[in-house]
Amino acid sequence: MNVNQSNYASIEQIRDRMQTKPAKSRDARAVKTFGEIFQNTAEEQIRFSKHASKRLETRNIDMSEEQRARLQDAASQAREKGMRESLVMVDDMAFIVNVKSNLVVTAVNDMDHAVFTNIDGAIIN
């Protein structure tokens, strides 16, 4: 049997082609799963528990967008430092934040004789 060798690539030629062609892989940064998007969104936005929301309402505590941003920034700092339950001070307000869930557990604006327990760190922002 006579085979025309010119129609077939050698192993070396195939290896060279494979090494010079860019791999067809998806850019991991461009493709995210729903879970990753949901997790990133949940981590970005600080939430308030029912208890904390009620405290804000009954004590007439109004927060500006700038104060919320500072609270969010402090929660991010606490996460970076490995804190779990953090006291965050923003102006004359104090918040206990569950860092893992990005949840404000309680809010206080009367600092006279305030006692905070079960925290592993504090951020004054």
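Structure: see above.
Treat the numbers as computed from the prediction; the structure is a model and nothing was measured.

## Describing the nonpolar core
Inside soluble globular proteins, nonpolar side chains tend to come together where they are buried.
Inference 1: Formed by 20 residues in total, the largest nonpolar core has its most connected members in Ile46, Phe48, Met63, Leu71, Phe95, Val97 and Val104.
Inference 2: Of all the elements in the fold, those that place two or more residues in this core are helix H3 (50-58), helix H4 (65-80), strand E2 (85-90), strand E3 (93-98) and strand E4 (103-108).
Inference 3: Element by element, the count of residues in this core is highest for H4, at 4 residues.
Inference 4: Other than its neighbours up to four places away in sequence, Met63 contacts Phe48, Arg68, Leu71, Met93 and Phe95.

## A few points about the pairing of strand E5 (residues 121-124)
Inference 1: Here E5 shows a buried face lined by Gly121 and Ile123 and an unburied face lined by Ala122 and Ile124.
Inference 2: The pairing of E2 with E5 spans 4 bridges and is classified as parallel. Its bridge partner being in E5, Met89 is matched across the sheet by Ile124.

## As for the pairing of E3
Inference 1: The buried fraction of E3 amounts to 5 of the 6 residues, a majority that puts the element mostly inside the structure.
Inference 2: Here E2 pairs with E3 via 6 bridges, running antiparallel. The residue of E3 that forms the bridge with Glu85 is Asn98.
Inference 3: Count of turn residues in the E2/E3 antiparallel hairpin: 2 residues, of which Asp91 carries a positive phi of about 55°.

## A look at the sheet that holds E4
Inference 1: If you trace the 5 strands from one edge of the open sheet to the other, you get E1-E4-E3-E2-E5, paired in mixed fashion. Of all strands in the sheet, those with a lone pairing partner are strand E1 (47-48) and E5, marking the two edges.
Inference 2: Judged from the 5 bridges that link them, E3 and E4 form a sheet pairing that is antiparallel. Looking at the pairing, Phe95 lines up with Ala107 of E4.
Inference 3: Set on the sheet, H3 makes contact with E1, E3 and E4; between it and E4 the angle comes to about 30°.
Inference 4: Contacting E1, E2, E3, E4 and E5, H4 runs over the sheet at an angle of about 150° to E2.

## So, the environment of Ile119
Inference 1: Mapped onto the elements of the fold, Ile119 is located in the loop between E4 and E5.
Inference 2: Its relative accessible area of 30% is what places Ile119 among the partly exposed residues.
Inference 3: Discounting residues that sit within four places of it in the chain, Ile119 has contacts with Glu85, Ser86, Leu87 and Ile96.

## A closer look at the environment of Arg59
Inference 1: With respect to the helices and strands, Arg59 occurs in the loop between H3 and H4.
Inference 2: Here the alpha-carbon distance between Arg59 and Val108, two residues 49 residues apart in the chain, equals 8.3 Å.
Inference 3: Discounting residues that sit within four places of it in the chain, Arg59 has contacts with Ala107, Val108 and Asn109.
Inference 4: Among the polar contacts made by the side chain of Arg59, one reaches the main-chain carbonyl oxygen of Ala107 at a distance of 3.5 Å.

Calculation criteria
- Residues numbered from 1 in each chain as written.
- Predicted model: local features only at pLDDT ≥ 70, side-chain atom pairs only at ≥ 80, totals over all residues.
- Heavy atoms only, no water.
- Core = buried A, V, L, I, M, F, W, Y, C linked by side-chain atoms within 4.5 Å.
- Buried < 20%, exposed > 50% of the residue type's maximum accessible area, 1.4 Å probe, protein only.
- Helix = DSSP H or I, 4+ residues; strand = E, 2+ residues; numbered from the N terminus.
- Contact = heavy atoms within 4.5 Å.
- Pairing = 2+ DSSP bridges.
- Axes fitted to C-alpha atoms, helices over the stretch in contact; angles between N-to-C directions.
- Polar contact = N/O pair within 3.5 Å; in protein donor to acceptor, adjacent residues only side chain to side chain.

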